[in-house]
Amino acid sequence: MQEPEASEPEATRRTAGVSESSRANRGWWDRNADEYQTEHGTFLGDDRFVWGPEGLDEVEAELLGPPEELKGRDVLEIGAGAAQCSRWLAAQGARPVALDISHRQLQHALRIGKTFPLVCADAGALPFADGSFDLACSAYGALPFVADPRLVLREVRRVLRPGGRLVFSVTHPIRWAFPDEPGPEGLSVSGSYFDRTPYVEQDEEGRAVYVEHHRTLGDRVRDVVASGFRLVDLVEPEWPAWNTSEWGGWSPLRGNLIPGTAIFVCERSEAGAPPAEGRVRG
């Protein structure tokens, strides 16, 4: 007897807390890691450090600093996937640690090969001692998928040494006002930029199987500052002429008109530990 096919998850907008988001996204990335690496592995490469679908490469951007200054530095990559960025960092002489919530994603890191530690853990509870790293980075990892970004940012600040730098990229917040389509249909505003209700895919019983959270640009800045960081730069990469590929809603058509990625360059503030709670204004 043939087993019935699993129904497609229902896409909706509703609240989703820290635990539900973590559980849902751990499961989603475990189930979809193979497909993700097959579809995007060529673009990402095995040992490139790419900040987003535009193809901005750390070799050119130097957001973590000049490559020659990475040698001997302890670096934490958060949401590492198959650890392509960590592999590039190791080639520069750095000492990376690649962390991801998905065990299956880290299995792909093992498949490609690694000479550095792989850690399966939640970014909101980093299993490292205070002051363990000189640098931290995240290319579309963790932060778009967590309900409480300040929890993650405070954890990152804790494990960074004084003066440590954090650089992370996320979907540019303006994307939430447009349909997630790469063609002309994705160029008309379809929702409020200020609607922070999470995007949730849920099963027939209403359990979340994928969650993505929206923060406005101002929210992201306030999260950074309230978590004990100083914002050094905010980079919005332009779509380069050489990149003719599409990735979900990202494409040359949209990329030439609206930003797709926001990269936050932050340094650990030494003005004291961040407060337990921070205020978010509308």
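Treat the numbers as computed from the prediction; the structure is a model and nothing was measured. (Residues numbered from 1 in each chain as written. Predicted model: local features only at pLDDT ≥ 70, side-chain atom pairs only at ≥ 80, totals over all residues. Heavy atoms only, no water.)

## Details of empty space enclosed by the protein
Using the following cut-off: Here the term cavity refers to a set of points on a 1 Å grid, laid over the protein atoms alone, in which a 1.4 Å probe fits but cannot get out; the term pocket refers to an open set having protein on both sides within 12 Å along at least five of seven lines, with lining residues being those that place an atom within 4 Å of a point. Grid points are joined across faces, edges and corners, and a volume is the space filled by probe spheres set on the points. Three residue categories are used. Nonpolar comprises Ala, Val, Leu, Ile, Met, Phe, Trp, Tyr, Cys and Pro, charged comprises Asp, Glu, Lys and Arg, and polar comprises the others, including Gly.
Here the structure, examined in full by the defined rule, presents three cavities of 30 Å³ or more. Reported here for the largest cavity is a volume of approximately 90 Å³. Taken together, Arg175, Asp180, Gly249, Trp250, Ser251, Arg254, Gly255, Ile258, Pro259 and Gly260 form the lining of the largest cavity. Class assignment of the residues belonging to the lining of the largest cavity gives a composition of three nonpolar, four polar and three charged.

## Some thoughts on the pairing of strand 3 (residues 95-100)
Put simply, the rule is: Classification of residues uses two cut-offs on accessible area relative to the type maximum, computed with a 1.4 Å probe and protein chains only: under 20% is buried, over 50% is exposed, and between them is partly exposed. We count a stretch as a helix when DSSP gives it H or I for four or more residues in a row; a strand needs E for two or more, and each element gets its number in order from the N terminus. Note on pairing: DSSP must find at least two bridges between two strands before they are called paired. Crossover handedness is defined here as right-handed if the route from the first strand over the helix to the second strand goes clockwise, with the strands pointing away from the viewer.
Taken across its six residues, strand 3 has five buried, putting it largely inside the fold. Sheet topology places strand 2 (residues 74-78) next to strand 3; five bridges connect them, and they run parallel. Following the sheet pairing, Leu76 is matched in strand 3 by Val97. Crossover handedness for the path strand 2 to helix 3 (residues 84-91) to strand 3: right-handed. Relative to strand 4 (residues 118-120), strand 3 is paired through three bridges, and the arrangement is parallel. Paired with Leu99 across the bridge in strand 4 is Val119.

## Observations concerning the sheet that holds strand 9 (residues 229-235)
Let me state the cut-off plainly: Between N-to-C directions, angles cover 0 to 180 degrees, with each direction set by a line fitted to C-alpha atoms, over the stretch in contact for helices. Working rule for contacts: check all heavy atoms of both residues, and any pair within 4.5 Å makes them a contact.
Taken in spatial order, the seven strands line up as 4-3-2-5-6-10-9 in an open sheet, and their pairing is mixed. Since the sheet does not close on itself, it has two edges, and those belong to strand 4 and strand 9, each with one partner. Neighbour-to-neighbour, the strand axes of the sheet open up by a mean angle of 20°, direction not taken into account. Strands strand 2, strand 3 and strand 5 (133-139) of the sheet are contacted by helix 3, whose axis makes an angle of about 175° with strand 3.

## Re the packing of aromatic side chains
Aromatic ring pairs: the centre-centre distance and the angle between the two ring planes describe each pair. Note the following rule: Any two rings among Phe, Tyr and Trp, with Trp reduced to its six-membered ring, count as a pair given centres within 6.5 Å; such a pair is stacked if its planes are under 30 degrees apart, edge-to-face if over 60, and tilted if neither.
Scanning all chains against the criterion turns up 14 aromatic pairs. Aromatic side chains Tyr140 and Trp250 sit 5.9 Å apart centroid to centroid with 85° between the ring planes, which places their arrangement in the edge-to-face category. Here Tyr140, found in the loop between strand 5 and helix 5 (149-159), pairs with Trp250, found in the loop between strand 9 and helix 7 (252-255); they are 110 residues apart in sequence, far enough to count as distant. In this structure Trp250 comes out as buried when scored by relative accessible area, which is 15%.

## Side note on the confidence of the model for the protein chain
Short version of the rule: pLDDT runs from 0 to 100 and stands for how confident the predictor is about each residue.
Scored by pLDDT, the protein chain comes out at a mean of 93, with 94% of its residues at no less than 70. Here residues 276-282 is a poorly scored stretch, pLDDT under 50, and it has 17 contacts once near neighbours within four places are set aside; other chains count.

## Considerations on unusual backbone geometry
You will see that Glu62, though not glycine, has its phi angle at about 50°, which is positive. Counting through the fold element by element, Glu62 comes out in the loop between helix 2 (58-61) and strand 2.

## A short note on helix 1 (residues 18-44)
Using the following cut-off: Multiply 1.5 Å by the residue count of a helix minus one, and that product is the helix's expected span. Fitting axes to the seven residues that end at a residue and to the seven that start at it, the angle between those axes gives the bend at that residue.
The end-to-end C-alpha distance of helix 1 is 29 Å, clearly below the 39 Å that 27 residues give at a rise of 1.5 Å each. Within helix 1, the axis deviates most sharply at Asn32, by approximately 55°. With its phi angle positive at about 75°, Gly45 sits one or two positions after the end of helix 1.

## Topic: the pattern of salt bridges
Just so we agree on the cut-off: Put simply, a salt bridge is a Lys or Arg side-chain nitrogen that is within 4 Å of an Asp or Glu carboxyl oxygen.
Scanning the model with the defined rule gives 21 salt bridges in all. Here Arg95 ties to Asp74 by a salt bridge, and the two come within 2.8 Å at their closest N and O atoms. In this pair, Arg95 sits in strand 3 while Asp74 sits in strand 2, placing the two residues 21 residues apart along the sequence. A relative accessible area of 47% places Arg95 in the partly exposed class. The class for Asp74 is buried, based on a relative accessible area of 13%. As a salt-bridge pair, Arg161 and Asp134 come within 3.0 Å of each other at their nearest N and O atoms.

## So, the packing of helix 1 against helix 4 (residues 103-112)
Relative to each other, helix 1 and helix 4 sit at 35°, their axes nearing to 7 Å. Across the interface between the two elements, Trp29, Asp30, Ala33, Asp34, Tyr36 and Gln37 from helix 1 touch His103, Arg104, Gln105, His108 and Arg111 from helix 4.

## A look at the environment of Arg111
Note the following rule: By the criterion applied in these results, polar contacts are pairs of N or O atoms within 3.5 Å in which, for protein atoms, one can donate a hydrogen and the other can accept it, and in which residues neighboring in sequence qualify only through two side-chain atoms.
Position of Arg111 relative to the elements: it lies in helix 4. Through-space distance from the C-alpha of Arg111 to that of Ala82 is 8.6 Å; in sequence the pair is 29 residues apart. Looking at Arg111, its side chain comes within polar contact range of the side chain of His108, at 3.1 Å.

## Here's the deal with the sheet that holds strand 1 (residues 10-13)
One open sheet accounts for three strands, arranged 1-7-8; its pairing is antiparallel. Because the sheet does not close on itself, it has two edges, and the strands there are strand 1 and strand 8 (208-212). Across the sheet, the axes of successive neighbouring strands diverge by a mean angle of 20°, strand direction being ignored. Pairing between strand 1 and strand 7 (residues 199-202): four bridges, direction antiparallel. Opposite Ala11, over in strand 7, you have Glu201 as the bridge partner. The strands that helix 1 touches are strand 7 and strand 8; relative to strand 8, the one it contacts most, it runs at about 105°.

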